[in-house]
Amino acid sequence: MNNDRENPREMSEESNVSGFDDDNSKKRRVVVPGEIIVSGDDYLPSEGARREGVNVIASRFGLAEESGRVVKVIAITGAFIPRRNNVIIGRVTNITFNGWVVDIDSASSGFLPIDESPRFINKSEMDQFLAIGDVISAKIWSVNTRGIDLTLKGKGLGKLEGGFIFRVSPNRVPRVIGREGSMINLIKEKTACNISVGQNGWVWIKGNDIDSQIKARKAIEFVTDKPFVEGLTEKMEDWFTKN
Amino acid sequence: MSSMETSNLTIDTLRKMFEAGKRFDGRGLFDLREIKVGFDVSNKAEGSARVSLGKTEVVVGVKLQVGEPYPDSMDKGNLMVSGDMLPLASPRFQAGPPDFYAIELPRLVDRAIRESKIIDLKKLVVKEGEKVWTVIIDIYPINDDGNLIDAATIGAVAALRNTFLPGLDKDSKIDYDKKTKEKLPLSKEMGPFSFTFYKLGNSLLLDPTREEAEACDVRVTFGLSSYNKGYMINSCQKSGRTPFTQEEIEKMMEILPKKFEEVSERLKKIL
Amino acid sequence: MAEKFKRPSGRALNELRPMIAKVGIVPNADGSAMFSFGKTVAIAAVYGPRQLHPQHMQDPATGILRVNYDLLSFSVADRKKPGPSRRSQEISKMTEWALSPVLDLEAFPNTVIDVQIYILQADAGTRTAGINAASLALAHAGIPMRNLVCSVALGKQDKEIIVDLDKDEEDFEDGEGATDFPLAKIANTDEFTLLQLDGKIPPERVKEVLDMANKCFEEIYEVQKKALKEVVEK
């Protein structure tokens, strides 16, 4: 099974919001709720920001980013908020008559309808395909008041076998992936592991042996422990020469 | 933090790792994480301590009250161990009436402390047959990253060693504002400590992280104290369905004294 | 000859106790913080938005803010038995109402945001320290919030209005006695979200109290802001 699960377009969008950028056209600083970010009628408040009179104000704790006239506040802490097209890693918690209930570590459970499995599954053999406690890499195709709908139809999605999963903070995910996948590809290469990173913070690693799996996890935790450091890719390469 | 339950593939991987003697944080199966002890969590407690084992953190406080002795121990003070699994400490803990684990933790610590006789309860009599001191130990987890039980026992011992008796007025009523320099009548021996062995497949381990603990099948807690240049097991409780083999129990018996030595060594400056 | 009024604590009438605030003290939580006014120490942890059980409590129109405040048994001289008391239930509800106006709960239908507040050491002003800690923990958890919430108790010692009473001052009995006036406000606004009073105060002096409180809120806000910024800047 091809384990390259990142969508390149989604990734490069995300990787730009990962901590301090070398590109000076984006100014970033940490703000608290209610703090004035900028003043001026020309600015356009976006996600995490609002306008009050002439000021653009932070509506959450995070990194305020000005990109041209657009001002937003990027979350640097907090729970995973599911969005359509997110690829996530989840654990099956229940089997119903028409699908699987999946814990995606979010305020609502995910649901995988039997029709969204990658091949035809008979209702009587549902638990043979996915049993309680099994892990899947799935895509969110709908977020609505009833819950979160998942699909396994897509490149690189499906049941995950072998290896292990662990959690990182969801807002560190862009750093773990890196600009256009540079960080995650470096780690995969150096450890010869299959790695899949879910937007919900869950990471799957499967290697040829125990030691390379442990190393791959350590490498990822090296990245997540240093969210605001520049030149992380060089530091990661450096780490691999020492470990 | 996640409340997601452990997945099958992670349990399989951990089982294989433990068989090979490996853990994610590089420790050996019987290595303990870094232990940190601090005091004076509350100036309203007669004694208090905070203990962390890695990222697991527990606070323990000792309060003293004066009351009547129990009818079957008229010449002794009383000991009570209580507490709460604060929902603050883990996404798994819910507010509301205590579940089995919330009830179990203080009881395990109670038996380790009580049966070690570290507190000389006979010296806690205020007026023979009428008034005795009651020592109340309250345990509160602040962050659960596995092995709350062993952290709590260290915390209870640390808090006891740091406890001063409050003043009594002439009617033998407590005046909490009157502090004395008199400490609790405690044994000079190190400990007691508890050691909880966890089992996954055929592997035993000590001091698991929450991730490791949640994958395991069963655990057993031993309370150990030093006695006459040797050791005594004062309490024991297996918690969970999966059996332990005799070989496994004998292996634990080999490991326990070494671990007691090690923890004593690490904590002797503090306790 | 009139003597200048002296507070038992020796502080000026409008002087707060030294404050300490730290964020991230409970690694398991989505957000957490400690906040202290002098010897009163509060810790708070936020979990959420997360699933609300039992299901029948879920509200399809909005998320729910659920606050649980309590004293640890050894935080007070006379040991408090573990478990909620009526006082802690009342304070839990007051705190919920003090915090919810800044949160956009309707953005998270069917979910709950759990706030746990515990007092490690009590020397009066516990509910106000709790609100300050909870406000930080909510921000740290990345919950969309209009503003931080700041809280402090004002009071009266006989005829003098004072800020941030400690326990000795709360127990003062001479003259008109002590008055305890806990307040909370949405920072950078004039919206009060907690209003409670025990004691005696004539209506014409309330404005004086609110004006003094406003200066306190500004100081508290700076302490909270600094604690949050240290998350990134350390």
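Everything quoted here is computed from the prediction, not taken from an experiment.

> What exactly am I supposed to notice about the overall build of chain B here?
Along its length, chain B carries 5 helices and 12 strands. Its C-alpha atoms put chain B at 65 × 40 × 35 Å along the principal axes. Split into buried and exposed, the 271 residues of chain B put 46% on the buried side. In chain B, the proportion of contacts linking residues at least 24 apart, taken out of those at least 6 apart, comes to 69%.

> Before we go on, may I ask you to explain the overall build of chain A in this structure?
When you go through chain A residue by residue, the secondary structure sums to 6 helices and 16 strands. Relative to its full complement of 243 residues, chain A shows a buried share of 47%. By sequence separation, contacts in chain A at least 24 residues apart represent 60% of the contacts at least 6 residues apart.

> Explain the sheet that holds strand β5 (residues 111-121) of chain C to me, please; I cannot follow it from the model alone.
Whether parallel or antiparallel, the strands of a sheet pair through hydrogen bonds between backbone atoms. Residue and element names in this part refer to chain C. Spatial strand order, β1-β2-β3-β5-β4: 5 strands in an open sheet with mixed pairing. Looking at the sheet topology across the chains shown, the edges are occupied by β1 (19-23) and β4 (64-71). Strand-to-strand twist across the sheet, computed as the mean angle between neighbouring axes with direction ignored, equals 15°. Where β1 meets strand β2 (residues 31-37), 5 bridges bridge the pair, whose relative direction is antiparallel. Directly across from Lys22, in β2, lies its bridge partner Met34. The sheet strands contacting helix α2 (residues 126-140) are β1, β2, β3 (40-51), β4 and β5, and the helix crosses β2 at an angle near 150°.

> How do you make sense of the sheet that holds strand β7 (residues 160-163) of chain C when you look at a structure like this?
Residues and elements named next belong to chain C. Strand order across the open sheet formed by 4 strands is β7-β6-β8-β9, with antiparallel pairing between neighbours. Edge strands, defined here as strands with exactly one partner in the open sheet, are β7 and β9 (192-195). Pairwise comparison of adjacent strand axes, ignoring direction, gives a mean angle of 25° for this sheet. Pairing of strand β6 (residues 149-157) with β7, which is carried by 4 bridges, proceeds in the antiparallel orientation. Across the sheet, residue Gly155 finds its bridge partner in β7, namely Ile162. Sitting on the sheet, helix α1 (residues 86-99) touches β6, β8 (178-186) and β9, and the angle it makes with β9 is about 165°.

> Can you help me understand the environment of Pro257 of chain B in this one?
Structurally, Pro257 of chain B can be placed in helix α5 (residues 246-267). Linking Pro257 of chain B and Asp84 of chain B, residues 173 residues apart in sequence, is a C-alpha distance of 30 Å.

> Looking at this model, I keep getting lost on the interface of chain B and chain C. Mind explaining?
How large an interface is tends to be reported as the accessible area lost when its parts come together. Taken together, the 29 residues of chain B in the interface contact 23 residues of chain C. Secondary structure elements with two or more residues in the side of chain B that touches chain C: β3 (56-67), β4 (78-83) and β6 (131-143) of chain B. The dominant element in the side of chain B that touches chain C, judged by the number of residues it contributes, is β6 of chain B, at 5 residues.

> Is there a simple way to think about the interface of chain A and chain B in this case?
On the side of chain B, 13 residues touch chain A, which itself brings 16 residues to the contact. Counting residues per element, the ones that place at least two in the side of chain A that touches chain B are β14 (164-167) and α5 (210-224) of chain A. Residues that form the side of chain A that touches chain B fall into these classes: 6 nonpolar, 3 polar and 7 charged.

> Hey, could you run me through the environment of Ser124 of chain A in this one?
Following the sequence through the fold, Ser124 of chain A ends up in the loop between β10 (110-113) and α2 (126-129). It is 40 Å that separates the C-alpha atoms of Ser124 of chain A and Thr191 of chain A, two residues lying 67 residues apart in sequence.

> Looking at this structure, how should I read the nonpolar core?
Note that soluble globular proteins tend to have their nonpolar side chains buried in a common cluster. Ranked by size, the top nonpolar core spans 156 residues in total, and within it Ala133 and Ala137 of chain C carry the most contacts. Examining the composition of this core, we find that 10 residues originate from one element, helix α3 (residues 148-161) of chain B, more than from any other. Setting aside chain neighbours within four positions, we find Ala133 of chain C in contact with Ala33, Met34, Phe35, Ala42, Ile43, Ala44 and Ile117 of chain C.

> Any chance you could explain helix α1 (residues 8-19) of chain B here in plain terms?
Residues three or four positions apart in an α-helix share a direction because the helix packs 3.6 residues into each turn. Residues and elements named next belong to chain B. Along its 12 residues, α1 runs 17 Å from first to last C-alpha, staying within 8% of the 16 Å computed at 1.5 Å per residue. Buried within α1 we find Leu9, Thr10, Thr13, Leu14, Met17 and Phe18. Seen from one end, α1 has its buried residues packed into an arc of 165°, which puts them on one side. Phi turns positive one or two residues past the end of α1, at Gly21, with a value near 75°.

> Help me understand the confidence of the model for chain B in this model?
Looking at chain B as a whole, the pLDDT averages 95, with 100% of positions reaching at least 70. Our summary of model confidence lists the complex with pTM equal to 0.93 and ipTM equal to 0.93.

> I would appreciate a short explanation of unusual backbone geometry in the present structure.
Both trends apply: most residues other than glycine have a negative phi, and most peptide bonds are in trans. Cis peptide bonds are those with omega within 30 degrees of zero, and the linkage from Gly48 of chain C to Pro49 of chain C qualifies with 0°. Pro54 of chain C follows His53 of chain C through a cis peptide bond whose omega is 0°. Among the structural elements, Pro54 of chain C can be located in the loop between β3 and β4. Non-glycine residue Asn85 of chain A carries a positive phi angle of around 80°. In this fold, Asn85 of chain A is placed in the loop between β7 (70-74) and β8 (87-96). Note on Asn85 of chain A: 13 C-beta atoms within 10 Å, which makes it partly exposed. With a phi angle near 50°, Asn228 of chain B is a residue other than glycine that sits in the positive phi range. Position of Asn228 of chain B relative to the elements: it lies in the loop between β11 (218-227) and β12 (230-239).

> Explain the confidence of the model for chain A here, please?
Detailed reading of predicted coordinates is not advised where the pLDDT is low. All names here are of chain A. Summarising the model, chain A shows a mean pLDDT of 88, and 89% of its residues fall at 70 or more. Ranking the helices and strands of chain A by mean pLDDT puts strand β16 (residues 202-206) first, with 98, and helix α1 (residues 8-15) last, with 34. Between residues 1-24, whose pLDDT stays under 50, and residues either more than four places distant or in other chains, the model counts 41 contacts.

> Quick question: what am I supposed to make of the packing of helix α4 (residues 182-191) of chain A against helix α6 (residues 232-242) of chain A here?
Helix-helix packing is described using two parameters, namely the angle between the two axes and the distance between the axes. All names here are of chain A. With their axes 10 Å apart at the nearest point, α4 and α6 run at an angle of 10° to one another. The angle between α4 and α6 places the two elements in the roughly parallel class. The residues of α6 that touch α4, namely those facing Ser182, Met183, Leu186 and Lys190, are Thr233, Met236, Glu237 and Phe240.

> Even after reading the chapter, I still don't get the domain arrangement of chain A, so can you show me in this structure?
Split by domain assignment, chain A resolves into domain 1 (20-74), domain 2 (82-160) and domain 3 (165-242). For domain 1 of chain A versus domain 3 of chain A, the separation of C-alpha centres amounts to 29 Å.

> Before we go on, may I ask you to explain α3 of chain B in this structure?
End to end, α3 of chain B covers 20 Å across 14 residues, agreeing with the expected 20 Å (1.5 Å per residue, within 8%). Counting buried positions over the 14 residues of α3 of chain B gives 13, a clear majority of the element.

> Looking at this model, I keep getting lost on the pairing of strand β9 (residues 99-103) of chain A. Mind explaining?
Regular strands place their side chains on alternate faces of the sheet. Residues and elements named next belong to chain A. By the criterion of burial, β9 is predominantly enclosed, with 4 of the 5 residues buried. Direction of pairing for β8 relative to β9: antiparallel, over a ladder of 5 bridges. Note that in β9 the partner of Arg91 across the bridge is Asp103. From the end of β8 to the start of β9, which pair antiparallel, there are 2 residues. In this sheet, β10 lies alongside β9 in antiparallel orientation, the contact comprising 4 bridges. Residue Val101 lies in a different strand from β10, and its bridge partner there is Phe111.

> Looking at this structure, how should I read the packing of α4 of chain A against α5 of chain A?
Residue and element names in this part refer to chain A. The contact between α4 and α5 brings their axes to 9 Å, and the two run at 155°. Comparing their axes, α5 and α4 come out roughly antiparallel. Note that α4 runs across α5; the crossing there is right-handed. For the pair α4 and α5, contact is made by Met183, Ile187 and Thr191 and by Ser212, Lys215, Ala216, Ala219, Ile220 and Val223, respectively.

Conventions and cut-offs
- Residues numbered from 1 in each chain as written.
- Chains lettered and ligands numbered in written order.
- Predicted model: local features only at pLDDT ≥ 70, side-chain atom pairs only at ≥ 80, totals over all residues.
- Helix = DSSP H or I, 4+ residues; strand = E, 2+ residues; numbered from the N terminus.
- Buried ≥ 20, exposed ≤ 12 C-beta atoms within 10 Å, placed from the backbone.
- Contact = placed C-beta atoms within 7 Å.
- Pairing = 2+ DSSP bridges.
- Axes fitted to C-alpha atoms, helices over the stretch in contact; angles between N-to-C directions.
- Nonpolar A, V, L, I, M, F, W, Y, C, P; charged D, E, K, R; others polar.
- Core = buried A, V, L, I, M, F, W, Y, C linked by C-beta atoms within 7 Å.
- Expected span 1.5 Å × (residues − 1).
- Arc of directions from axis to C-beta.
- pLDDT = per-residue confidence, 0-100.
- Parallel < 35°, antiparallel > 145°, perpendicular 65-115°, else oblique.
- Domains from an automatic or database assignment.
- Left-handed = near helix turned anticlockwise from the far one by under 90°.

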